[in-house]
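Given next are the chains, with one letter for each unit.
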Amino acid sequence: MSTIRNIVILTGAGVSAESGIDTFRDGGGLWEQHRVEDVATPEAFARDPELVQRFYDMRREAIQTKQPNAAHHALARLDSEWSGNLLIVTQNVDDLHERAGAKRVLHMHGEHLNAWCTACDVRSRWTGPLIDGPACPACGERALRPDVVWFGEIPYRMEEIFAALQEADLFVSIGTSGAVYPAAGFVRNARDLGVATLELNLEPSQGTLWFDEARHGPASEVVPAWVDEMLS
């Protein structure tokens, strides 16, 4: 590991599952009894904004009751002690990486604890409900929606992610299904750049074959073990 200096880590729902946050693809394509098409697309929001706001209000409230697990704490430790470049790119919209203490975190799919004003394009920290149409703190318009990237929308800060991959010596994918693009394609981007690749996942993902190495087991076990190895 002595040649590794710059690391890009991709985290997905499997990192937060042991904190009690449901993975997106549990239950046969249903997400908490809702079809993805009904709650996680711009078309759904246009068709039934009340349903969508209620759904995200419930999730925003729920994640504030959850706590980081051993995988979050291990990555926060790596973040604080790793002297090279490190970027934790998360597909998760919870704040458990930050609550564990990680600083170098990029939320490519947005954040539950933000509200996005479609009138003035400002994102504000938001912990309460949106269903009653509260005013935007920045402009006063009642045009707030969840600051979550829905299917059919472009993930955030893709240029930063690709720039980090260009400089990386190691790409690590943790707790992801390998099914949601563009994140599922990062391993191939990394391989094309000659970057070493490692998968840490509960079970083989759809993209396991693309990785140089794969280690499987609960995130709360395999992630701390890997971090100990990196910092030893």
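Residues numbered from 1 in each chain as written. Predicted model: local features only at pLDDT ≥ 70, side-chain atom pairs only at ≥ 80, totals over all residues. Heavy atoms only, no water.

1. Focus on the UniProt feature "binding site: Zn(2+)" (unreviewed entry) in the chain
Per the UniProt record, "binding site: Zn(2+)" (unreviewed entry) is found at C117, C120, C136 and C139. These annotated residues cover 23 residues of sequence, and their C-alpha atoms all fall within 8.7 Å of one another, placing them together at a single site. Leaving out residues up to four positions away in the same chain, C136 has contacts with C117, C120, E141 and L144. If you trace the backbone, C139 turns up in the loop between β7 (123-125) and β8 (144-148). C139 gets classed as partly exposed once you look at its relative accessible area, which sits at 35%. The residues touching C139, leaving out its near neighbours within four places in the chain, are C117, A119 and C120. (UniProt positions renumbered as here; feature names shortened; annotations may be inferred. Contact = heavy atoms within 4.5 Å. Helix = DSSP H or I, 4+ residues; strand = E, 2+ residues; numbered from the N terminus. Buried < 20%, exposed > 50% of the residue type's maximum accessible area, 1.4 Å probe, protein only.)

2. Description of the sheet that holds strand β4 (residues 86-90)
Pairing in this open sheet of six strands is parallel, and the strands run β5-β4-β1-β9-β10-β11 from one edge to the other. Two strands close off the open sheet at either side, each with one partner strand: β5 (105-107) and β11 (213-216). Geometrically, the sheet is characterised by an average inter-axis angle of 15° between neighbouring strands, direction not taken into account. Judged from the four bridges that link them, strand β10 (residues 196-201) and β11 form a sheet pairing that is parallel. Note on β11: the bridge partner recorded for L198 is E213. (Pairing = 2+ DSSP bridges. Axes fitted to C-alpha atoms, helices over the stretch in contact; angles between N-to-C directions.)

3. Digging into the packing of helix α5 (residues 70-81) against helix α9 (residues 219-231)
Across the interface, α5 lies against α9 with an axial gap of 7 Å and an inter-helix angle of 20°. The angle between α5 and α9 places the two elements in the roughly parallel class. Where α5 crosses over α9, the two elements pack in a sense that is left-handed. Contacts between α5 and α9 involve A70, A71, A74, L75, R77, L78 and E81 on the former and, on the latter, A219, S220, V223, P224, W226, V227, D228, M230 and L231. Of the residues in the contact of α5 with α9, the class split is twelve nonpolar, one polar and three charged. (Parallel < 35°, antiparallel > 145°, perpendicular 65-115°, else oblique. Left-handed = near helix turned anticlockwise from the far one by under 90°. Nonpolar A, V, L, I, M, F, W, Y, C, P; charged D, E, K, R; others polar.)

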